[in-house]
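Next come the chains, spelled out residue by residue.
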Amino acid sequence: MDLGSYFENFTRRDWQTVDDGTVRIAVVGLGGFARNRALPAIRNGQFCEATVLVSGSPDKAAALAGEYGVDRAISYEAFHDGEETDMYDAVYIATPPAYHREYAVSAARFGKHVLCEKPLASELEGAREMVDACADAGVVLMTAYRLRTEPAIRRMREAISDGVIGDPVQIHAGFSSKLLANVGADSWRLDPGVAGGGALIDLGVYPLNTSRFLLNADPVSVWAETVSSGPPFDRVEEHVSFLLAFPSGTTASCTASFNAHHDSRLQILGTDGQIVIRSPFGGHVSEGVVIASGESETSYTGPAVDEVCEEFDYFADCLLDGNECESDGNEGVTDLRIIESAYESAESGTRVSL
């Protein structure tokens, strides 16, 4: 088996079906990720254009509108009231999770498609309401799982599907950061009513969703344990470990932390080989991939691809050509169902069937 074939045309967009067209985007919420990653990705992408900014801060919105050449900036209230709906085709929701539902429901009411940051909502019922509202309106709801459009993850999934490593046996995945190095103790990420939880729902969702994507399967049970050392992590979990069991017998051992040395790793071990990706979850994948099969091993290292740019263009491609979205709202609902079961497991100390 030629392992190197997976590295030929490594960054190809196997999902792309259109060559032109533009989707006009209203960006709802102008926090750090929207400013530093989403707006540049929209500007640098092929199929999207930011045409409306929605914020509670007029000064921030005006400054960013000038920087990115956006024609309209409106308040959250104006968005809900339906102002400027003729200026955009879809919305990108980048507010804290507790507010995702209200903006998605309003967007659906106006007949606008929705790309929403993960987690889809701060709790399962809100996510289900979002799915129902968008389905009733006949608009696309996509959960912003940007790794699903990232080349290294897609090539890894292809290799697993082709049997390069035999039958998958174990996945080992972890994502950790020093949260307080970037935000204060009053951050919404430490408020369970706004965030929905701590390290599990914020960071652990990456290993969770990626494991499901790579195996093209949903787990049948979850076991989890959470740990917090005290303030400011007294209301949300500081660290989490959880074990997912899949119908095939494959397990995924996942960890996440709000208070550990920054790290990100992903390994899938099979009966005949393994695949390892360096730093998959940190936002800038370095495209370092190792595939081993039997006695053969090969590696690839290349420049990072802007996965956020890929995500927006994928979303636009789905809208422009009417394609089914791989990471639709139901994907976000499934992850929240698993996450809620993981919290139940951590509280009860028992394995929870899904």
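Residues numbered from 1 in each chain as written. Predicted model: local features only at pLDDT ≥ 70, side-chain atom pairs only at ≥ 80, totals over all residues. Heavy atoms only, no water.

A short note on the sheet that holds strand S3 (residues 72-74)
Piece 1. If you trace the six strands from one edge of the open sheet to the other, you get S3-S2-S1-S4-S5-S6, paired in parallel fashion. With partners counted over all chains shown, the strands left at the sheet margins are S3 and strand S6 (141-143), one partner each. Taken over all neighbouring pairs, the strand axes of this sheet differ in orientation by 25 degrees on average, direction set aside.
Piece 2. Strand direction decides the pairing type here: strand S5 (residues 113-116) and S6, joined by three bridges, are parallel. Bridge pairing in S6 links Cys116 to Thr143. (Pairing = 2+ DSSP bridges. Helix = DSSP H or I, 4+ residues; strand = E, 2+ residues; numbered from the N terminus. Axes fitted to C-alpha atoms, helices over the stretch in contact; angles between N-to-C directions.)

Thoughts on the packing of aromatic side chains
Piece 1. Inspection of every chain in the model, using the stated rule, returns 13 aromatic pairs.
Piece 2. Relative to Phe10, the ring of Phe7 lies with its centre 6.0 Å away and its plane at 50 degrees, an arrangement referred to as tilted. Of the two residues examined, Phe7 and Phe10, each falls in the buried class.
Piece 3. Three or more aromatic residues joined by ring pairs make a cluster, and in this case those are Tyr76, Phe79, Tyr88, Tyr103 and Phe110.
Piece 4. When the ring centre of Tyr88 is taken as reference, the NZ or CZ atom of Lys112 above it lies at 5.1 Å. (Phe/Tyr/Trp six-rings, centres within 6.5 Å; stacked < 30°, edge-to-face > 60°. Buried < 20%, exposed > 50% of the residue type's maximum accessible area, 1.4 Å probe, protein only. Lys NZ or Arg CZ within 6 Å of the ring centre and 35° of its normal.)

A closer look at the pairing of strand S8 (residues 221-227)
Piece 1. Across seven bridges, the pairing between S8 and strand S9 (residues 239-245) is antiparallel. Its bridge partner being in S9, Val222 is matched across the sheet by Leu244.
Piece 2. In this structure, S8 lies alongside strand S15 (residues 352-353), joined through two bridges in antiparallel fashion. Across the sheet, Ser221 pairs through a bridge with Ser353, a residue of S15.

Description of a negative patch on the surface
Piece 1. Where like charges cluster on the molecular surface, the negative patch consists of Glu123, Glu125, Asp132, Asp136 and Glu340.
Piece 2. Among the elements that make up the negative patch, the one with the highest residue count is helix H5 (residues 124-137) (three residues).
Piece 3. You can see Asp136 is positioned in helix H5.
Piece 4. Since its relative accessible area comes to 71%, Asp136 is described here as exposed. (Patch = residues over 30% accessible without salt bridge, like charges linked within 9 Å, V, L, I, M, F, W, Y side chains within 5 Å. Areas by Shrake-Rupley, 256 points an atom, 1.4 Å probe, with all protein chains shown as cover. Salt bridge = Lys/Arg side-chain N within 4 Å of Asp/Glu carboxyl O. Lys, Arg positive; Asp, Glu negative; His and termini not counted. Charge placed at Lys NZ, Arg CZ, Asp CG, Glu CD.)

Describing the sheet that holds S8
Piece 1. Taking strand neighbours across the sheet as the criterion, the nine strands line up as S14-S13-S12-S11-S7-S10-S9-S8-S15 in an open arrangement whose pairing is mixed. Each having just a single partner strand, strand S14 (296-301) and S15 make up the two edges of the open sheet.
Piece 2. Both strand S13 (residues 288-293) and S14 contribute to a ladder of six bridges, which runs antiparallel. Residue Ile291 lies in a different strand from S14, and its bridge partner there is Thr298.

Observations concerning unusual backbone geometry
Piece 1. Look at the link from Lys118 to Pro119: it is a cis peptide, with omega at -15 degrees.
Piece 2. Along the chain, Pro119 turns up in the loop between S5 and H5.
Piece 3. Notably, Asn9 is not glycine yet its phi reads approximately 50 degrees, a positive angle.
Piece 4. Here Asn9 lies in the segment before strand S1 (23-28).
Piece 5. Of note, Asn216 is a non-glycine position whose phi angle comes to about 55 degrees, a positive value.
Piece 6. Judged by its relative accessible area of 62%, Asn216 falls in the exposed class.

Considerations on the environment of Gly174
Piece 1. Relative to the helices and strands, Gly174 resides in strand S7 (residues 168-178).
Piece 2. The class of Gly174 is buried, set by a relative accessible area of 6%.
Piece 3. In sequence terms Gly174 and Thr255 are 81 residues apart; their C-alpha atoms lie 4.6 Å from each other.
Piece 4. Residues contacting Gly174, with those up to four places away along its chain left out, are Thr255, Asp263, Ser264, Arg265 and Phe281. (Contact = heavy atoms within 4.5 Å.)

Notes on the packing of helix H8 (residues 199-215) against helix H10 (residues 329-348)
Piece 1. At a closest axis distance of 10 Å, the pairing of H8 and H10 adopts a crossing angle of 120 degrees. With respect to each other, H8 and H10 are oriented oblique. Judged by the twist between their axes, the crossing of H8 over H10 is right-handed. Between H8 and H10, the contacting residues are Leu200, Ile201, Val205, Leu208, Asn209 and Arg212 on the first element and Glu331, Thr334, Asp335, Leu336, Ile338, Ile339, Ala342 and Tyr343 on the second. (Parallel < 35°, antiparallel > 145°, perpendicular 65-115°, else oblique. Left-handed = near helix turned anticlockwise from the far one by under 90°.)

Re the packing of helix H6 (residues 151-161) against H8
Piece 1. Where H6 meets H8, the axes come as close as 8 Å, and the angle between the chain directions of the two elements is 40 degrees. As the angle between them shows, H6 and H8 are arranged oblique. Facing H6, whose interface residues are Ile153, Arg154, Met156, Arg157 and Ile160, H8 presents Thr210, Phe213 and Leu214.
Piece 2. Split into classes, the residues belonging to the contact of H6 with H8 amount to five nonpolar, one polar and two charged. (Nonpolar A, V, L, I, M, F, W, Y, C, P; charged D, E, K, R; others polar.)

Considering the pattern of salt bridges
Piece 1. In this structure the tally under the stated criterion is 20 salt bridges.
Piece 2. One salt bridge in this structure joins Glu129 and Arg101, with 3.6 Å as the shortest N-O distance. Residue Glu129 is found in helix H5, and its partner Arg101 is found in helix H4 (residues 100-109); the two are separated by 28 residues along the sequence.
Piece 3. For Glu129, a relative accessible area of 34% puts it in the partly exposed group.
Piece 4. As a salt-bridge pair, Arg265 and Asp263 come within 2.6 Å of each other at their nearest N and O atoms.
Piece 5. The class of Asp263 is partly exposed, set by a relative accessible area of 25%.
Piece 6. The network of salt bridges with common partners includes Arg12, Asp14, Arg154, Arg155, Glu158 and Glu326.

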